[in-house]
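This is what each chain is made of:
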Amino acid sequence: MEATDKMLVRSKSGLRIIAANADNASPFLLQEPEWVPDNTCSHCMAPNCNTKFDFMKRRHHCRRCGQCFCNSCCETKMSLPRMCFVDPVRVCGNCAEVTKRENEFFDKHLKVLITGGQFVVADSEPIDDNGPSLVCKLSSSHRYIFFEEDMSKRENIYLDKIESVQILTSGTDPQGNMMGTGIAIKYRLDTGEEEMIKLQVAQVPNRKQAMLWVSAMQKATKLLYEKQN
Ligand SMILES: [Zn+2]
Ligand SMILES: [Zn+2]
């Protein structure tokens, strides 16, 4: 079992609920940004605004990027699950766009990953479509992928060890769209060795769930990749 103790902390931006042990923190979380110091910014930092701050025009910091804005450029309040704030917080126009996408991931795609999908695992070619299938899920801590009821006791795949993901396709549908049939994940083992696993969507009645899982996994990798840069 994973330790999932949470604690409530107060920062200058608001209350946050975080994992009591940083090692158990979700890899999707972001650090709070450093705030641009008030004395180094005399004007609103939004493109095309340039409002000068004074006694009436007060400074407001975007909680996501830490830059300094006038009220009208930073008046949107949004929930920021990637920074664990309890309540919606102020974000600038740019960050509002990014946050909207990220929140969709948290509300929708993360749930798909945790629910899991049914796959046939292939460590090598060719993939046996009729091989035994198993359910592949993201752990509730978001830290690793595990295989439910896997008799071979396959190792967990830690998200922070994933190097790349590739969508497997086979032909096109009648509309000419590539048809996804699975996902190949390249990752590193504890030993540093590189490993590749192919998850082929199992031919079961709820194969749509596995397809959604593949697409959510692709989005997850993108978020993690953006974070490193
Ligand atoms: Zn911002
Ligand atoms: Zn402004």
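Thresholds, definitions, all that
Residues numbered from 1 in each chain as written. Chains lettered and ligands numbered in written order. Predicted model: local features only at pLDDT ≥ 70, side-chain atom pairs only at ≥ 80, totals over all residues. Heavy atoms only, no water. Helix = DSSP H or I, 4+ residues; strand = E, 2+ residues; numbered from the N terminus. Buried < 20%, exposed > 50% of the residue type's maximum accessible area, 1.4 Å probe, protein only. Contact = heavy atoms within 4.5 Å. Areas by Shrake-Rupley, 256 points an atom, 1.4 Å probe, with all protein chains shown as cover. Lys, Arg positive; Asp, Glu negative; His and termini not counted. Charge placed at Lys NZ, Arg CZ, Asp CG, Glu CD. Pairing = 2+ DSSP bridges. Donors = N, O, S within 2.8 Å, 3.2 Å for Na, K, Ca; no water. Tetrahedral: all angles 85-135°; square planar, octahedral: opposite > 155°, others 65-115°. Salt bridge = Lys/Arg side-chain N within 4 Å of Asp/Glu carboxyl O. Domains from an automatic or database assignment. Buried area = accessible area lost by both parts, 1.4 Å probe. Polar contact = N/O pair within 3.5 Å; in protein donor to acceptor, adjacent residues only side chain to side chain. Nonpolar A, V, L, I, M, F, W, Y, C, P; charged D, E, K, R; others polar.

Visitor: How do you make sense of the overall build of the protein when you look at a structure like this?
Guide: Of the regular secondary structure elements, the protein holds two helices and 13 strands. Considered along the principal axes of its C-alpha atoms, the protein spans approximately 70 × 45 × 30 Å. Per-residue burial for the protein yields a buried fraction of 40% across its 229 residues. Partitioning the contacts of the protein with sequence separation of at least 6, the portion at a separation of at least 24 is 47%. As presented, the protein carries roughly 13800 Å² of accessible surface, and 49% of it is formed by carbon and sulfur atoms. If the 30 positive side-chain charges of the protein are averaged to one point and the 29 negative ones to another, these points end up 10 Å apart.

Visitor: Looking at this model, I keep getting lost on the sheet that holds strand S9 (residues 144–148). Mind explaining?
Guide: Two strands in a sheet stick together by hydrogen bonds in their backbones, pointing the same way (parallel) or opposite ways (antiparallel). Taken together, seven strands build an open sheet; the order of strands is S10-S9-S8-S7-S13-S12-S11 and the sheet is antiparallel. Looking along the sheet, the strands with just one partner apiece sit at the ends: strand S10 (157–158) and strand S11 (162–172).

Visitor: What's the story with the coordination of the zinc ion (ligand 2) in this structure? I'm lost.
Guide: Six octahedral donors around a metal ideally make angles of 90 or 180 degrees; four tetrahedral donors ideally make 109.5 degrees. Within the protein, Cys-44 (SG), Cys-49 (SG), Cys-70 (SG) and Cys-73 (SG) serve as the donor atoms for the zinc ion (ligand 2), at 2.3 Å. Geometry at the zinc ion (ligand 2) is tetrahedral, judged from its four donor atoms and the angles of 103 to 118 degrees they form at the metal. All donors of the zinc ion (ligand 2) belong to a single chain; written as a sequence motif, their spacing is C-x4-C-x20-C-x2-C. With Cys-44 in the loop between strand S2 (14–19) and strand S3 (60–61) and Cys-70 in the loop between strand S4 (68–69) and strand S5 (76–78), the pair connects residues that are 26 residues apart, well separated along the chain. There is no split in this pair, since Cys-44 and Cys-70 are both buried.

Visitor: Sorry, what's going on with the pattern of salt bridges here?
Guide: Two side chains with opposite charge may pair up if their charged atoms get near one another. Counted under the stated rule, the structure contains eight salt bridges. A salt bridge links Arg-64 to Glu-102, with the nearest nitrogen and oxygen atoms 2.6 Å apart. With Arg-64 in the loop between S3 and S4 and Glu-102 in helix H1 (residues 93–115), this residue pair connects regions lying 38 residues apart in the sequence. For Arg-64, a relative accessible area of 18% corresponds to the buried category. When its relative accessible area of 5% is taken as the criterion, Glu-102 is described as buried. Residues Lys-222 and Glu-226 are paired through a salt bridge, measuring 3.5 Å at the closest nitrogen-oxygen approach. With Lys-222 and Glu-226 both in helix H2 (residues 207–228) and four residues apart, this pair spans about one turn of that helix.

Visitor: Honestly, the coordination of the zinc ion (ligand 1) in this entry has me stumped. Any pointers?
Guide: In this structure, Cys-62 (SG), Cys-65 (SG), Cys-92 (SG) and Cys-95 (SG) serve as the protein donors to the zinc ion (ligand 1), at separations of 2.3 Å. On the basis of relative accessibility, which here comes to 26%, the residue Cys-65 falls in the partly exposed class. On the basis of relative accessible area, Cys-92 is assigned to the buried category, the value being 4%.

Visitor: Any chance you could explain the domain arrangement of the protein here in plain terms?
Guide: When the parts of a complex come together, some accessible area is lost, and that lost area is often used as the size of the interface. What the domain assignment lists for the protein is domain 1 (26–112) and domain 2 (116–228). A separation of 34 Å is found between the C-alpha centroids of domain 1 and domain 2. With twelve residues of domain 1 at the contact, the number on the domain 2 side is 17 residues. Interface area for domain 1 against domain 2, summed over the two sides, is near 1300 Å², with a carbon-plus-sulfur share of 69%. When the area that domain 1 buries against domain 2 is broken down by residue, the three leading residues are Pro-27, Phe-28 and Val-112, summing to 45%. Counting across the interface, domain 1 meets domain 2 through zero salt bridges. In this assembly, domain 1 and domain 2 are joined by two residue pairs in polar contact (both at pLDDT 80 or more). Looking at the side of domain 1 that touches domain 2, its residues break down into seven nonpolar, two polar and three charged.

Visitor: Even after reading the chapter, I still don't get the pairing of S11, so can you show me in this structure?
Guide: A regular strand places its side chains on the two faces of the sheet in alternate fashion. Bridge count for S11 against strand S12 (residues 178–188) is eight bridges, and the pairing is antiparallel. Across the sheet, Leu-168 pairs through a bridge with Gly-182, a residue of S12. Two successive antiparallel strands, S11 and S12, enclose a turn made up of five residues, where Gly-176 displays a positive phi of approximately 90 degrees.

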